[in-house]
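One letter stands for each residue in the lines below.
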There are 2 protein chains.
Amino acid sequence: MSLVFKALSDPTRRRVLEMLRERPMSAGDLAAAFPVSKPTMSAHFAVLREAGLIASEKQAQSVIYHLQMSVLEEAMLGFAQAFGWQLQPAAKPESSTD
Amino acid sequence: MSLVFKALSDPTRRRVLEMLRERPMSAGDLAAAFPVSKPTMSAHFAVLREAGLIASEKQAQSVIYHLQMSVLEEAMLGFAQAFGWQLQPAAKPESSTD
DNA sequence: TTTGTATTTAGCTAAATATCAAAATAGAGT
DNA sequence: ACTCTATTTTGATATTTAGCTAAATACAAA
């Protein structure tokens, strides 16, 4: 749980999670969306991975990251419970179905 | 929001919040519940205070801390919303009414 | 005003974190 | 076997963090 909150304490990493909520994305595509170097982004991915919040699969040269929604949910549920809140998990977002 | 998650990333600080959910407590009483020095606890209180999660009032020699539930709620609501969850806030816990 | 109790600040160390540029690795394609 | 592209690792530096002891502050009480 500490690892999850630590991971969430950085705005870049929170934004990465939000982006991955829409769809899986490659490390490069994610990195391109932020004003920091690719090695720095790689380190952020590592923090998220170690917290269990994202997972990766290799696809040709690329590394595709995807959100592990269940881990995020469990951490939030666990915490919410300690404060007597109820959290109802969500439907997946529509990937701009226009 | 980053400050809140940063504050929550330490188990001692999370436990402090849980204890303050039951009732306001003095710095000393809180400190006595953890196996670290009082200055260390004071630093934890400062982190929680800067995140807005607790507030203090002076009472004679003591400093009484209390939870700012609304700040915690708002941070959680904000985050939950970004992931499409619903969070319903809670009743205050019974302070062992036996 | 001296003493005692409660809490914080100061000053320190060790470990962790965030960032970068440069080098290394992994795969595909030529 | 090269060469390109994508990503991570390495090595360096700066900052932050968690912890400690000792000193300072705040207030009450004697």
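What you see is a predicted model; the values in this text were computed from it and never measured. (Residues numbered from 1 in each chain as written. Chains lettered and ligands numbered in written order. Predicted model: local features only at pLDDT ≥ 70, side-chain atom pairs only at ≥ 80, totals over all residues. Heavy atoms only, no water.)

**Here's the deal with the relation of the copies chain A and chain B**
- Laying chain A over chain B is done by rotating through 180° and shifting 0.0 Å along the axis; what remains is an RMSD of 0.1 Å. Between the two chains, the operation in question is that of a two-fold axis. Minimal C-alpha separation from the rotation axis in chain A is found for L87(A), amounting to 2.2 Å.
- Interface residue correspondence from chain A to chain B reaches 100%, placing this contact among same-surface, isologous pairings. (Least-squares fit on C-alpha atoms with pLDDT ≥ 70 in both. Contact = heavy atoms within 4.5 Å.)

**As for the pairing of strand β2 (residues 54–59) of chain A**
- Of the strand pairs in this sheet, β2(A) and strand β3 (residues 62–67) of chain A are connected by six bridges, and their pairing is antiparallel. By the bridge assignment for β3(A), Q59(A) is matched with S62(A). (Pairing = 2+ DSSP bridges. Helix = DSSP H or I, 4+ residues; strand = E, 2+ residues; numbered from the N terminus.)

**As for the interface of chain A and chain B**
- Contacts between the two partners involve 27 residues from chain A and, on the opposite side, 27 residues from chain B.
- For the pair chain A and chain B, the summed buried area comes to about 2500 Å², and 71% of that belongs to carbon and sulfur atoms.
- Ranking the residues of chain A by area buried against chain B places F5(A), F83(A) and W85(A) at the top, with a combined share of 27%.
- Remark: the boundary between chain A and chain B carries zero salt bridges.
- At the boundary of chain A with chain B, the tally comes to eight residue pairs in polar contact (both at pLDDT 80 or more).
- For the side of chain A that touches chain B, the secondary structure elements donating two or more residues are α1 (2–8), α2 (11–22), α5 (69–82) and β4 (86–88) of chain A.
- With seven residues, the top contributor of residues to the side of chain A that touches chain B is α5(A).
- Considered class by class, the residues forming the side of chain A that touches chain B number 17 nonpolar, five polar and five charged.
- Here three bridges tie β4(A) to strand β4 (residues 86–88) of chain B, and the two strands are oriented antiparallel to one another. If you follow L87(A) over to β4(B), its bridge partner there is L87(B). (Buried area = accessible area lost by both parts, 1.4 Å probe. Salt bridge = Lys/Arg side-chain N within 4 Å of Asp/Glu carboxyl O. Polar contact = N/O pair within 3.5 Å; in protein donor to acceptor, adjacent residues only side chain to side chain. Nonpolar A, V, L, I, M, F, W, Y, C, P; charged D, E, K, R; others polar.)

**Observations concerning the protein's contact with DNA strand C**
- Taken together, 21 residues surround DNA strand C, and among them S37(A), T40(A), H44(A), G28(B) and Y65(B) come closest.
- R13(A) has a polar side-chain atom sitting 3.3 Å from a phosphate oxygen of DNA strand C.
- In this structure, a phosphate oxygen belonging to DNA strand C sits 2.6 Å away from a main-chain N or O atom of G28(B).
- Among the secondary structure elements, those contributing two or more residues to the surface near DNA strand C are α4 (38–50) of chain A together with α3 (27–32), α4 (38–50) and β3 (62–67) of chain B.
- Top element by residues in the surface near DNA strand C is α4(B). It accounts for four residues.
- A per-class count over the surface near DNA strand C returns eight nonpolar, nine polar and four charged. (Near = heavy atom within 4 Å.)

**Observations concerning the side chain of S9(B)**
- Mapping S9(B) onto the fold places it in the loop between α1 (2–8) and α2 (11–22).
- In contact with S9(B), not counting residues within four places along its chain, are S2(A), F5(A), K6(A) and R14(B).

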